[in-house]
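# Working through the structure, step by step
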Amino acid sequence: MATDSHGRTTFSRGVHPPESKHLTEDRPIEPGPGVAELSILLSQHIGAPCQAAVKKGDLVQAGQKIGECQAFVCAPVHAPVAGKVKELALRPHPVLGRCQAIAIEPQEPASPTLPSFSLPADFDPTRHTPQEICEAVRDAGLVGMGGAGFPTSVKIQPDAKPPKHTLLVNGCECEPYITCDYRLMLEWTDQVLAGIRLAQRACGASKVFIGVEDNKPKAIDAVGAAIKRAGSGSDIRVVSLQTKYPQGGERQLINAVLGQTVPTGGIPPMIGVVVINVATAAAIADAVLYHRPLTHRVVTVTGEAIAKAGNYYVPIGTPVEALIEFCGGVTEKSAKVVMGGPMMGLAIADLNTPITKTSGAVTVLTRRQIGQAKFERRQTACIRCGRCLEVCPENLSPTRIAHAVRSNLLDVAQSYFISACIECGCCSYVCPANIELTGYIKTGKIFLARQRKKMPA
Amino acid sequence: MLRDITVSFAPHISKRLSTQRVMLDVLIGLVPLVAAAGFYFRIRALLLIGVCVLWCVGIEWVCNLIRRRPNSLWDLSAVVTGVILGLSLPPALPFWTAAVGSVIAIGVGKMAFGGLGANVFNPAMVGRAFLTASFGILMTTWTVPASIDSAMPKLSPADAVDTRTQATPLAWSKTAIKNQTEAKTYSRRLLLSTITGEVAGSLGETSAIAALLGGAYLLWRRTIGFHIPAAVLLAAFVFGGIAYLIDPDAYVSPFYHLTSGALLFGAFFIATDPVTAPLTRRGMWLFGLGIGTITLLIRIVGTYPEGFMFAVLVMNGLTPLIDRLCRRVPVGGLPRVG
Ligand code: SF4
Ligand code: SF4
């Protein structure tokens, strides 16, 4: 384990943005709004997009598979509610801009009911074979719900070389404002734990760690108590981590908890580690024990400008606008609406953007906070103060990369390891010259991807 | 409801920090030094600094006009350059000379390179180097502090020593300390004087206490890292110590080296100029060690009594090279090729 000077488990470098979790951390999960239209995007994950399996006018059942594809790295999508397929059309997508989607008109636009989950008294993960678990997870369309959206079934498959020895559960929630995972750990503790044990069974890991930042002592206690209740779960340990951003970054978490580093350009399985998020763990339990597909999720709707901030259980496909209205609307005229948290979230231009499997939060930032964004502040040239280097969790030289991209010197950017950047935003956050370092780096990555497409090596 | 939505790259929040704030912190850190200069050299010191600041700011404004660039005075970097240049000048320097130095500092040292962030050399040191090269005598005319005029009445600007006339190496190494006549009777008292600042020298370099106070503020505010000052002082101490051990009669004690001359002032305020120092910590160590070593080399074997300015300029020139040598390796190691 890696520790800081106070003996707290953590990674090196990083930043301490204001946590702002007080707005929603004490709000229990509540059902979200009923809406007139749900838009199920066909690309909500990393990998091949789904093909629609329904036509306009079809009637669909709740939980019916409405889009899938045969690629290995892919996750099907399901209808959250019974209703009619209104159309197959383009809908706004937080990352891609626009994306093909299936619009469903629910039979009755009622609020969703909170699912009931009771752990079967005879729950025993070894009753399920790894195969079964992986298949159930794949059928349910599970993807990493913490951010990137990598299909979970691929992640938790047993591997031979190297064997997966450790399962790391990410309960850090290091992004400011977001509290959905925290509420899950508090309220759906047994379900989360069941999912963790199923995932462990699937991937064959002998050790399990649940990493939680130390600003969530209640969650640490709750999960610890649940582990004790489960009895046989003595191989599962809760690790309290220093509250620091980006503690929940996959590579940072592995480094903090296990003291290991994932090779640059590599992925955790290369060192035998699987990382899943607590929300994903809860969904695994649903998928395996109840064969419920991933059609709903908990979303934190928050921000100083939101009248009724809280954690809401909503069907995937709910437009952001409906969510914001449900929460009493925005108290200011102008704002920035971010899917996710303020450090890594994506600002959206279209309020019709639907909630996807990976959107854990809708954060509405006020005018005053927008003024804190880099492009709004007065910029100077880089004064080479080195702050961005001091905070970069991947030990890169952000100013170098950003300047190389700005001068269109992509090979120089590569020589400073542009692709090792995890886009955490720490460098932009601290820069006194207010340079959008992360923005430049992201742009550079897009240029590089385009270049590669044009000239395959 | 929402009428106006803003879209931008993440992150959407940022630390409350700006270039202006960084520069303001440097100015606050310089307050003790300016105060010490005012105390020891009276109103003339403040006027001299004022002339430098005014000219630096004015020239930056004019350069921006000529280059049709937006006004950049608000970032306060020109003010910082002005104060540091002023503090590095001898108290009796004519105002017009200071003005010339300011024009060179900002015009040549900064704006000709493209303004803030683009300059290779520390602008204040460029200005000072120009003055040293062009007006050698004026730049080495040291007055004693006004506060001890009665105690040491013998020295006045008129009969001040031109250090370049010092002859023998042996005598020179002793007299390398600014207060030339006192060096012969080098005593604890003189060491004490260099700490409080009751010695002759440039405005900002006489008082070790003021430099330490200002430096501590910068360290506390995290405006500067400890790496560069520590490296400069360490190298100077070790180098001076070696010389002293070899021949204590010929060379002064290393403590003396630390407290006298521009070393402390420079270690905290000049060498730490972020624009002209390396980016990485390892680079900063190399940079600082280089400055400390070159300074002492010049003091002990060179022809100038004080070498800090040249040391900084040399290491500024080497900074791009140091940066290239000290590349950071990603946490996950170098990526495997292919
Ligand atoms: S933090 Fe900003 S000003 Fe400082 S070195 Fe990095 S890019 Fe330059
Ligand atoms: S360079 Fe990338 S990894 Fe490093 S701080 Fe910036 S965004 Fe984060």
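Our subject in this report is the structure included herewith. (Residues numbered from 1 in each chain as written. Chains lettered and ligands numbered in written order. Predicted model: local features only at pLDDT ≥ 70, side-chain atom pairs only at ≥ 80, totals over all residues. Heavy atoms only, no water.)

Residue and element names in this part refer to chain A. One open sheet holds the 4 strands; their spatial order is 11-10-9-12, and the pairing between them is parallel. Sheet topology places strand 11 (236–241) and strand 12 (273–277) at the edges, where each strand pairs with a single neighbour. Averaged over neighbouring strand pairs, the angle between their axes works out to 25° when direction is ignored. Taken together, the 6 bridges between strand 10 (residues 207–213) and strand 11 define a ladder with parallel strand orientation. Note that in strand 11 the partner of Ile-210 across the bridge is Val-238. Packed onto the sheet, helix 5 (residues 217–230) meets strand 10 and strand 11 and runs at close to 170° relative to strand 11. (Pairing = 2+ DSSP bridges. Helix = DSSP H or I, 4+ residues; strand = E, 2+ residues; numbered from the N terminus. Axes fitted to C-alpha atoms, helices over the stretch in contact; angles between N-to-C directions. Contact = heavy atoms within 4.5 Å.)

Counting from both sides, the interface comprises 45 residues of chain B and, opposite them, 78 residues of chain A. Here chain B packs against chain A, burying approximately 5200 Å² in sum over the two surfaces, 57% of which is carbon and sulfur. Per-residue buried area on chain B facing chain A is highest for His-12, Leu-279 and Arg-328 of chain B; these three make up 16% of the total on that side. Across the contact surface, chain B and chain A share 3 salt bridges. For the salt bridge of Asp-323 of chain B with Arg-400 of chain A, the shortest nitrogen-to-oxygen distance reads 3.0 Å. Here chain B and chain A share 22 residue pairs in polar contact (both at pLDDT 80 or more) between them. Contributions of two or more residues to the side of chain B that touches chain A are made by strand 1 (4–5), helix 1 (19–66) and helix 14 (308–325) of chain B. (Buried area = accessible area lost by both parts, 1.4 Å probe. Salt bridge = Lys/Arg side-chain N within 4 Å of Asp/Glu carboxyl O. Polar contact = N/O pair within 3.5 Å; in protein donor to acceptor, adjacent residues only side chain to side chain.)

Residues and elements named next belong to chain B. Direction vectors running N to C along helix 2 (residues 77–87) and helix 4 (residues 123–134) enclose 40°, while the axes themselves pass 8 Å from each other. One way to sum up the angle between helix 2 and helix 4 is to call them oblique. At the point where helix 2 passes helix 4, the crossing takes the right-handed sense. Listed contacts from helix 4 to Thr-81, Ile-84 and Leu-85 of helix 2 are Pro-123, Ala-124, Gly-127 and Arg-128. (Parallel < 35°, antiparallel > 145°, perpendicular 65-115°, else oblique. Left-handed = near helix turned anticlockwise from the far one by under 90°.)

Let us look at the site of ligand 2. All names here are of chain A. Taken together, Cys-392, Pro-393, Pro-398, Cys-421, Ile-422, Glu-423, Cys-424, Gly-425, Cys-426, Cys-427, Thr-438 and Ile-441 make up the full set of residues adjacent to ligand 2. For the shell around ligand 2, the secondary structure elements donating two or more residues are helix 13 (426–430) and helix 14 (437–454). Considering only residue class, the shell around ligand 2 consists of 9 nonpolar, 2 polar and 1 charged. (Near = heavy atom within 4 Å. Nonpolar A, V, L, I, M, F, W, Y, C, P; charged D, E, K, R; others polar.)

For the rest of this paragraph, the subject is the site of ligand 1. In the region of ligand 1, the neighbouring residues are Cys-382, Ile-383, Arg-384, Cys-385, Gly-386, Arg-387, Cys-388, Thr-399, Cys-431, Pro-432, Ala-433 and Leu-437 of chain A. Considering only residue class, the shell around ligand 1 consists of 8 nonpolar, 2 polar and 2 charged.

Coordinates in, geometry out; function isn't part of it.
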